[in-house]
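So the chains spell out like this:
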Amino acid sequence: MLSSPGAFEIPCRDTRHRALHQLYYDPNIENKNLAQKWLMQAQVSPQAWQFCWALLSPDKVPEIQYFGASALHTKISRYWADIPAEQYDSLKTQLFAHIARFATGAKIVLTRLCVALASLALNMMPEAWPGAVSEMVRAFQEEGAGLDGRARCLALLELLTVLPEEFQTSRLPQYRKGQVRGALGREWAAVQPLLQQLLRQADSPSLVRARVLKCLSSWVLLDVPLCESEGLVEDAFSALADPELFDAAVEAIVNAVSQPDSQRYVNTLLKLVPQVLQLQEQLREAVQNGDMETSHGICRIAVALGENHSRALLEQVEHWQGFLALVNMIMFCTGIPGHYPVNETTSSLTLTFWYTLQDDIMSFEAEKQAVYLQVYRPVYFQLVDVLLHKAQFPTDEEYASWSSDEKEQFRIYRVDISDTLMYVYEMLGAELLSNLYDKLGRLLTNPEHPTSWQHTEALLYGFQSIAETIDVNYSDVIPGLIGLIPRININNVQLADTVMFTIGALAEWLADHPVMLSSVLPLVLQALGNPDLSVSSVSTLKKICRECKYDLPPYATNIVAVSQEVLIKQIHKTSQCMWLMQALGFLLSALPVEEILSNLHSLITPYIQQLEKLADETPNPSNKLAIIHILGLLSNLFTTLDITKQDDESGDHQPPVKSTPPPTGPNPVVVVLQQVFALIQTVLSKWLNDSQVVEAVCAIFEKSVKTLLHDFAPMVSQLSQMLGQMYSTIPQASALDLTRQMVHIFASETDHFPPIKVLFELVTSVTLSIFQQGPRDHPDIVDSFMQLQAQALKRKPDLYLSENLDVKAVFHCGVLSLKFPEAPTVKSTCLFFTELLPHCADIPPVGQVVQQDGKLLLQAVLEAIGGQSSRSLMDQFAEVLFSLNKHCFGLLTIWLKEALQSPGFPSSRVSAEQKDTFSQQVLRERVNKRRVKDIVKEFTLVCRGLHGTEYAAEY
């Protein structure tokens, strides 16, 4: 067993071999990890130069040789600056010699040695090693070293393939990358003839040709001009006929035509179109024979050419028929027979092409666009038919045989089709809806031709896709569609689901045409009783109740009765039960107050009775879940039950306008809450130490407060008292969050200020005692506490004038909280200080504590900037610094000078001069907050030793 890596010592041969043996063969994962750690240290140590060549000796096993080659690559690629210039040539010579030796050895070692030489070449190009690639080609073309031509050829191809790949992943500085890319581009002249010769030579073995195509793939990624690789790309098309070369040829062609620069070479692209079209016969045969790999590869080529160059090819008007033929070939790939993803995986590749083509057509000026639309609108109507055919479910038996993973992939595929249809609608407009409606009408009204449910479902899915996101209010086919829906013979879950989702997508339309509600509502209520339609039926009812609530009173009794029945029967899962309660909240909101109360009574009474029973039981896991469920139902009901009628036409950015005076008397939600208040207190008394139950209780009141706002007033005193008792017994974050809501809405109201003030002082006092005992175990409480303090300062700063509030202690808790590792807590604390500091002048206790202890705050902020906090939080700390500068400028000037005088503070990496510059820059900015953020970002990089690195460039 290796000792833990500490100070690294020169490893002896036995230690290295033991470590490598441990890494590859030891079953103990801890030993493996330790060996890997040690070997990584060995790789980067100065001694690596001494042992890596030894590890490559012929008597070593491939695993040890591989480590030696990897160590060489690591040293060259990451520690280039450590290599003296006079050693470059000997290093190059040794690498050439070892590559020649391993040309007939282990492939993994050969590849690593080629990568090492590639890295050497990239670091030396162009000055220290001009013509590097030409020299590589010459070196391996010369006979010698006892190697046969085939081994030398394969070694050279491996080296030429990894060279561009190493460039793509190299750590070269940006300016060097440009130089080296240019040098490599010039070297293509040495590579291209070699590759062409090897591909066209009649006696070239398949393995060599495959490597040539792989090498071509690698080089075209360097933006080799398409006109210069044209001959090789044509050879790659010829290679598609050879099954052994097919995959490599596809990759080479796709990479070549996908390069952004290739669109400049329109003549070459025009030559490629007929070559792609010639593949149609091979494509059809592959589809007929179920050869998914071949059909997939040919489709990739067609899509790569079409998607990357649709605009360039569209503009070649005299060649419009060739491009249209390519579009039709891609259409064939979109509609390839079989069900995705079981029988085919090709059609999904084509979807983005249709977006691109549409964008390009619609981007032309009006006159030109009209010409193209004449040709391509029929194509896109055909596409809709193809997509809806592909979206069809298989037979019930076939679908039942699919795995859950295949079903999920098919679901995602249908979503992609839905998105495409929605996009295509932008081009085809209302005619598309008419087209779908005519097809659906023919299907449902022609008794002579019975149709499959799959066909009906797909057409409805098309409607749903469009109606979900596009305003169809103007469409004249929607009334007909609503009329057709009841005629559908719903004998299948998937069809029923789509019917539900289609009705849901038309909820806004129904709000404008309420007379049609009677056609579809019975279907939705019937579906509520089917657990298989849980998600679709409940979400549709919720949409209808939200959008059409003022037209639903005639149906309310029926909706409430059906909903109650399914809730009592427990047909739906928890989340759907919550949605259903939200739906009922919307529904009841539009009823007269007396009817709301009677419906609430019948709806809630069974749950209240159940809750009373549960409250008497001894706490256990099962009754805990039941309690949380009931409390959740009440929360969700009260979230949407809002009796203030709001005028939605008041504009996007205006507050809602009350179009009718609010009803007199207490709000129905308040009536219910007052009735169950004692019961909730009883539940709490038993479950006070369970955070989930406390959270569920707080959620009822929090959601009610958010919905009712000032209508919640009658409950303020009661709730404040209960919250105070809860928090004093067992402090929990959810109680603080609810207190914050109460402060936000009621602290500014004279009548409610006294109970809010008492509650605020109590929870503050209790939280301060938590800080005395050690707050590290309660980051959630600290987070919520800081948010509460910030809200109090924002809404009612007078709370800080109270003699019962220890402002100094709250300030010190804030300073302590800035040092927490949890980002949300630190953000909330920074928010607290940015709300506190502006009150230095108008709230004496605040001014006093800032004057006495503000330096502690500054030190905490500087420590964070110096590296103690995550860089993602620097904007928040910059805001505190800006606030200090704006409101305590004189003090900050002194504090900054004193704090930054300490050597090594806030970081040992910054000089006195850099600290002085930072200080001056900050003090100068009292208006521009954005500038202070930039100054802090810059300074934190210097403190962390990251300034000027590529890592920092992403920041």
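Residues numbered from 1 in each chain as written. Predicted model: local features only at pLDDT ≥ 70, side-chain atom pairs only at ≥ 80, totals over all residues. Heavy atoms only, no water.

Asks: Would you explain the overall build of the protein in this entry?
Replies: Each helix and strand counted, the protein has 45 helices and 2 strands in total. The C-alpha extent of the protein, read off along each of the three principal axes, is 100 × 90 × 60 Å. Buried residues in the protein amount to 54% of all 955 residues. Treating the 74 positive side-chain charges of the protein as one cloud and the 104 negative ones as another, the clouds have centres 7 Å apart. (Helix = DSSP H or I, 4+ residues; strand = E, 2+ residues; numbered from the N terminus. Buried < 20%, exposed > 50% of the residue type's maximum accessible area, 1.4 Å probe, protein only. Lys, Arg positive; Asp, Glu negative; His and termini not counted. Charge placed at Lys NZ, Arg CZ, Asp CG, Glu CD.)

Asks: Please clarify how helix H29 (residues 574-589) should be interpreted in this entry.
Replies: Along an α-helix, a turn takes 3.6 residues, which lines up residues three or four apart on a common side. Look at H29: 23 Å from first C-alpha to last across 16 residues, which is about the 22 Å you get at 1.5 Å a residue. For H29, the tally of buried residues reaches 13 of 16 residues, placing the bulk of the element in the interior. (Expected span 1.5 Å × (residues − 1).)

Asks: What is the right way to look at unusual backbone geometry in this model?
Replies: Leaving glycine aside, a negative phi is the common case for residues, and trans is the common case for peptide bonds. Note the cis peptide between Tyr 340 and Pro 341, where omega equals 0°. By the secondary structure assignment, Pro 341 is in the loop between helix H16 (320-334) and helix H17 (351-362). In this model, Phe 905 is joined to Pro 906 through a cis peptide bond whose omega is 0°. Summarising the element assignment, Pro 906 is placed in the loop between helix H42 (889-901) and helix H43 (912-924). Despite not being glycine, Asp 223 shows a phi value in the positive range, around 65°. Within the secondary structure, Asp 223 sits in the loop between helix H10 (206-220) and helix H11 (226-239). By relative accessible area, which is 32% here, Asp 223 ends up partly exposed. Not every positive phi belongs to a glycine, and Leu 709 is a case in point at roughly 50°.

Asks: Teacher, can you tell me more about the packing of H16 against H17 here?
Replies: Pairs of packed helices are described in terms of their axes, by the angle between the two and the distance that separates them. In the contact formed by H16 and H17, the axes pass within 10 Å of each other and the chain directions differ by 145°. Note on packing geometry: the crossing formed by H16 with H17 is left-handed. Residues Phe 323, Val 327, Ile 330, Met 331 and Thr 334 of H16 pack against Phe 353, Trp 354 and Leu 357 of H17. Along the lines of polarity and charge, the residues of the contact of H16 with H17 split into 7 nonpolar, 1 polar and no charged. (Axes fitted to C-alpha atoms, helices over the stretch in contact; angles between N-to-C directions. Left-handed = near helix turned anticlockwise from the far one by under 90°. Contact = heavy atoms within 4.5 Å. Nonpolar A, V, L, I, M, F, W, Y, C, P; charged D, E, K, R; others polar.)

Asks: Just to check I follow, could you spell out the packing of aromatic side chains for this structure?
Replies: When we look at a pair of aromatic rings, we describe it by the centre distance and by the angle of the planes. One pass over the full model with this rule turns up 22 aromatic pairs. With 5.7 Å between their ring centres and 85° between their planes, Trp 354 and Tyr 380 make a pair best called edge-to-face. Pair noted here: Trp 354 is in helix H17 and Tyr 380 is in helix H18 (residues 366-390), with a separation of 26 residues, a long-range link. There is no split in this pair, since Trp 354 and Tyr 380 are both buried. Geometrically, the ring pair formed by Phe 811 and Phe 833 is edge-to-face, given 5.5 Å between the ring centres and 80° between the ring planes. Of this pair, Phe 811 sits in helix H38 (residues 807-817) while Phe 833 sits in helix H39 (residues 823-836); the two residues are 22 residues apart in sequence, bridging distant segments of the chain. Of the two residues, Phe 811 and Phe 833, both sit in the buried class. When the ring centre of Phe 332 is taken as reference, the NZ or CZ atom of Arg 284 above it lies at 5.1 Å. (Phe/Tyr/Trp six-rings, centres within 6.5 Å; stacked < 30°, edge-to-face > 60°. Lys NZ or Arg CZ within 6 Å of the ring centre and 35° of its normal.)

Asks: Help me understand the side chain of Ser 418, please; the structure alone is not making it clear to me.
Replies: Within the secondary structure layout, Ser 418 lies in helix H20 (residues 404-428). On the accessibility criterion, Ser 418 (8% relative accessible area) is buried. For Ser 418, the residues in contact, after removing those within four places along its chain, are Tyr 461 and Ser 465.

Asks: Could you clarify how one ought to interpret the pattern of salt bridges in this entry?
Replies: Side chains that differ in charge, positive against negative, can pair when their charged atoms come close. In this structure the tally under the stated criterion is 30 salt bridges. Here Glu 761 makes a salt bridge to Lys 757, at a shortest N to O gap of 3.0 Å. Of this pair, Glu 761 and Lys 757 both sit in helix H36 (residues 753-773), 4 residues apart, which is roughly one turn of that helix. Beyond isolated ion pairs, a larger network of salt bridges with shared partners links Asp 89, Lys 92 and Glu 135. (Salt bridge = Lys/Arg side-chain N within 4 Å of Asp/Glu carboxyl O.)

Asks: Is there a simple way to explain the confidence of the model for the protein in this structure?
Replies: Do not read the fine detail of predicted coordinates wherever pLDDT is low. Residues with a pLDDT of 70 or more make up 91% of the protein, whose mean pLDDT is 89. With pLDDT under 50 throughout, residues 1-11 is counted as low confidence; its partners more than four residues away or in other chains account for 27 contacts. Predicted confidence for residues 950-955 stays below pLDDT 50, and this span has 12 contacts to residues more than four positions away or in other chains. (pLDDT = per-residue confidence, 0-100.)

Asks: Explain the nonpolar core here, please?
Replies: Proteins that are soluble and globular tend to have nonpolar side chains buried together. If you look at the biggest cluster of nonpolar residues, it comprises 330 residues, and the most contacted ones within it are Tyr 376, Phe 701, Phe 712 and Tyr 800. Per-element accounting of this core gives the leading share, 12 residues, to helix H6 (residues 107-124). Not counting the four nearest positions on each side in its chain, Phe 712 is found in contact with Val 670, Leu 673, Phe 701, Ser 704, Val 705, Leu 719, Met 742 and Phe 746. (Core = buried A, V, L, I, M, F, W, Y, C linked by side-chain atoms within 4.5 Å.)

Asks: Sorry, what's going on with the environment of Gly 814 here?
Replies: Mapped onto the fold, Gly 814 is located in helix H38. Sequence spacing of Gly 814 and Thr 829 is 15 residues, and the spatial spacing of their C-alpha atoms is 6.0 Å. In this structure, Gly 814 is in contact with Met 786, Thr 829, Phe 832 and Phe 833, ignoring residues within four places of it in sequence.

Asks: Got a minute to help me understand the environment of Phe 102 in this structure?
Replies: You can see Phe 102 is positioned in helix H5 (residues 88-102). Judged by relative accessible area, Phe 102 falls into the buried class, the value being 4%. The spatial distance from the C-alpha of Phe 102 to the C-alpha of Arg 740 is 71 Å, given a sequence separation of 638 residues.

Asks: Before we go on, may I ask you to explain the state of the cysteines in this structure?
Replies: What we call a disulfide is simply a covalent bond connecting the sulfur atoms of a pair of cysteines. Overall, the coordinates contain 0 disulfides when judged by the stated rule. Its sulfur unpaired, Cys 545 is 8.3 Å from the next cysteine sulfur, which belongs to Cys 548. Here Cys 943 is not cross-linked by a disulfide; its sulfur's nearest cysteine counterpart is in Cys 830, at 16 Å. Residue Cys 943 is classed as buried on the basis of its relative accessible area, which comes to 1%. (Disulfide = S-S within 2.5 Å.)

Asks: Would you mind going over helix H9 (residues 174-200) with me for this structure?
Replies: An ideal rise of 1.5 Å per residue puts 39 Å on 27 residues; H9 measures up with 38 Å between its terminal C-alpha atoms. The sharpest bend along H9 measures roughly 35° and falls at Ala 189, with the proline Pro 193 sitting one to four residues further on. (Bend = angle between axes of the 7 residues up to and from the residue.)

Asks: Would you mind going over the packing of H38 against H39 with me for this structure?
Replies: For the pair H38 and H39, interaxial distance at closest approach is 9 Å and the crossing angle is 140°. The orientation of H38 relative to H39 falls into the category oblique. Where H38 crosses over H39, the handedness of that crossing is left-handed. Judged by residue contacts, Val 810, Phe 811, Gly 814, Val 815 and Ser 817 of H38 engage Thr 825, Val 826, Thr 829, Phe 832, Phe 833 and Leu 836 from H39. The residue makeup of the contact of H38 with H39, split by class, is 7 nonpolar, 4 polar and no charged. (Parallel < 35°, antiparallel > 145°, perpendicular 65-115°, else oblique.)

Asks: Just to check I follow, could you spell out the environment of Lys 75 for this structure?
Replies: Within the fold, Lys 75 resides in helix H4 (residues 62-78). By relative accessible area, Lys 75 is classed as buried at 3%. For the pair Lys 75 and Pro 225, spaced 150 residues apart in the sequence, the C-alpha separation amounts to 33 Å.

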